[in-house]
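Analysis of the macromolecular model
Residue-level listing of the chains:
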Amino acid sequence: MSGFTGADSWLVVARDGAALLTDSRYTQQAGFECRHCGVTTRKGTLRDACIKHLKSHGLRIVGFEADSIAYAQWRKLENDAIEWRPTSGMIENMRLIKDAGEIKSIRRAATVAEKCFQSIREWISPGMTERQVANKIEFELRRLGAQSSSFETIVLFGERSSLPHGRPGQRSLGPGEPVLIDWGARLDLYNSDLTRMLLPSTIGSKLKRIYRAVLVAQQAAIDAARPGMTGRELDAVARNHLTRARLGNRFGHGLGHGVGMEIHEAPVVGHTNDARLRPGMVFTIEPGVYIPGWGGIRIEDMVQLTRTGRRILTALPKKLEEVCVL
Ligand code: ZN
Ligand code: ZN
């Protein structure tokens, strides 16, 4: 809301303006970053500074972000002079529809992520560990201009690719093993999120069949995405394809999620969301099939809904013959 990137600070928004309550470690930084709100440097605790600020501005009924506050912190805030009212999703809903500047930032973050991936196939080689590959990807992202990766890069080899959100470990890449890479770049406060598989050129028939099924499901959902559909309906497009391929029960998570200032934000593109998708929303489409002990396949791209359809924000190659490079 404020543009502030530091920690230990709260933003108080009132009818006559907003104020960031911070401490001296961040006073200068807040001055640069928060161009649309006042900055108050507190000396005592955040809680005391907040109560004092509210009282001095005559603010008695105050909404707070109930999803973002710990119970212990809430207990300290309770105060006779203030009537606290829990709110949920107020800020998140404001972020649902991206404006042109935000889309531009997201596209830049996606471009950095894509550039990074293009080099991977040149240096990835048998014997490297998941950790080594993930570290190199994160270094490359920064070298290409990212502030950081959007989340801890996922690199999984062989049967470990059946862990949808597995953490890279010391497992080294054997010959002929599939590789799952899920990564993104964070840039100008915005994120990107993609997943690609790198497969062996001597690919077996089961892997080939499942990869194709996931790709068809993903492409069908991308083609179908348009405003007016619900998250549930779009999820069903991909799910029905995988169910027909007798893989529906291996697709455990939702189809996708919004991406913006957070790597996972609204909208949910899954069976729990009956709200209609609207132009300006940016989200991922990432069906996956996971078979414990064998491996997993996920393909993830980002789309932006337009007035009449969707614009694809990520365009790395994903046809079977284009990913069989190991
Ligand atoms: Zn991802
Ligand atoms: Zn994702």
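Structural data are supplied above this passage.
Residues numbered from 1 in each chain as written. Chains lettered and ligands numbered in written order. Predicted model: local features only at pLDDT ≥ 70, side-chain atom pairs only at ≥ 80, totals over all residues. Heavy atoms only, no water.

**Observations concerning the coordination of the zinc ion (ligand 2)**
- Looking at the zinc ion (ligand 2), the protein donor atoms are Asp193 (OD), His257 (NE2), Glu286 (OE) and Glu300 (OE), and they sit 2.1 to 2.2 Å from it.
- Taken together, the four donor atoms coordinating the zinc ion (ligand 2) span angles of 80 to 152° at the metal, a pattern that classifies the geometry as irregular.
- We note that the donor set of the zinc ion (ligand 2) lies within a single chain, spaced as D-x63-H-x28-E-x13-E.
- The distance between the zinc ion (ligand 2) and the zinc ion (ligand 1) is 3.1 Å, with Asp193 acting as a donor to both metals. Placement of the pair is Asp193 in the loop between strand 10 (190-191) and strand 11 (194-198) and Glu286 in the loop between strand 14 (282-285) and strand 15 (288-291), with a sequence separation of 93 residues.
- Overall, Asp193 belongs to the buried group, its relative accessible area being 3%. (Donors = N, O, S within 2.8 Å, 3.2 Å for Na, K, Ca; no water. Tetrahedral: all angles 85-135°; square planar, octahedral: opposite > 155°, others 65-115°. Helix = DSSP H or I, 4+ residues; strand = E, 2+ residues; numbered from the N terminus. Buried < 20%, exposed > 50% of the residue type's maximum accessible area, 1.4 Å probe, protein only.)

**Things to note about the coordination of the zinc ion (ligand 1)**
- Here the zinc ion (ligand 1) is held by the protein donor atoms Asp182 (OD), Asp182 (OD), Asp193 (OD) and Glu300 (OE), which lie 2.0 to 2.6 Å from it.
- Geometry at the zinc ion (ligand 1) is irregular, judged from the four donor atoms that bind it and their angles of 55 to 148° at the metal.

**Details of the packing of helix 7 (residues 205-224) against helix 8 (residues 231-244)**
- Relative orientation of the contacting elements helix 7 and helix 8 amounts to 155°, with a least axis distance of 8 Å. Considering the angle they form, helix 7 stands roughly antiparallel to helix 8. Along this stretch, helix 7 crosses helix 8, giving a crossing that reads as right-handed. Facing Ala213, Val214, Val216, Ala217, Ala220, Ala221 and Ala224 of helix 7, the residues of helix 8 in contact are Leu234, Val237, Ala238, His241 and Leu242. (Axes fitted to C-alpha atoms, helices over the stretch in contact; angles between N-to-C directions. Parallel < 35°, antiparallel > 145°, perpendicular 65-115°, else oblique. Left-handed = near helix turned anticlockwise from the far one by under 90°. Contact = heavy atoms within 4.5 Å.)

**Let's talk about the sheet that holds strand 10**
- Reading across from one edge, 6-9-10 is the order of the three strands in this open sheet, with antiparallel pairing throughout. Two strands in the sheet have a free side with no partner beyond their single neighbour: strand 6 (148-149) and strand 10.
- Judged from the two bridges that link them, strand 9 (residues 185-187) and strand 10 form a sheet pairing that is antiparallel. Following the sheet pairing, Arg186 is matched in strand 10 by Asn191. (Pairing = 2+ DSSP bridges.)

**Some thoughts on helix 6 (residues 130-143)**
- Taking 1.5 Å of rise per residue, 14 residues should cover 20 Å, and helix 6 covers 20 Å from first to last C-alpha, within 8% of that figure.
- Those residues of helix 6 not exposed but buried are Glu130, Val133, Ala134, Ile137, Glu138, Glu140 and Leu141. An end-on view of helix 6 places all buried positions within 160° of arc, on one side of the element. Turned more than 90 degrees away from the buried face of helix 6 sit Phe139 and Arg143, all of them exposed.
- Structurally, helix 6 contributes buried residues whose contacts are with helix 5 (100-123), strand 6, strand 7 (154-157), strand 8 (179-183) and strand 9.
- Positive backbone phi, approximately 115°, marks Gly145, located one or two places after helix 6. (Expected span 1.5 Å × (residues − 1). Arc of directions from axis to C-beta.)

**What to know about the nonpolar core**
- Counting residues in each nonpolar core, the largest one holds 40 residues, and the members touching the most others are Leu199, Tyr211, Leu234, Phe283 and Ile285.
- Residue assignment for this core shows that the elements contributing at least two residues are strand 7, helix 7, helix 8, strand 14, strand 15, strand 17 (301-305) and helix 9 (320-323).
- When residues of this core are assigned to their parent elements, the largest contribution, ten residues, is made by helix 7.
- Apart from residues lying up to four places away in sequence, Ile285 is in contact with Gln218, Ala221, Ile222, Ala225, Leu234, Leu255, Ile299, Glu300, Asp301 and Val303.
- Listed in part, the 25 residues of the second largest apolar core include Ala134, Ile137, Leu173 and Leu316. (Core = buried A, V, L, I, M, F, W, Y, C linked by side-chain atoms within 4.5 Å.)

Coordinates in, geometry out; function isn't part of it.
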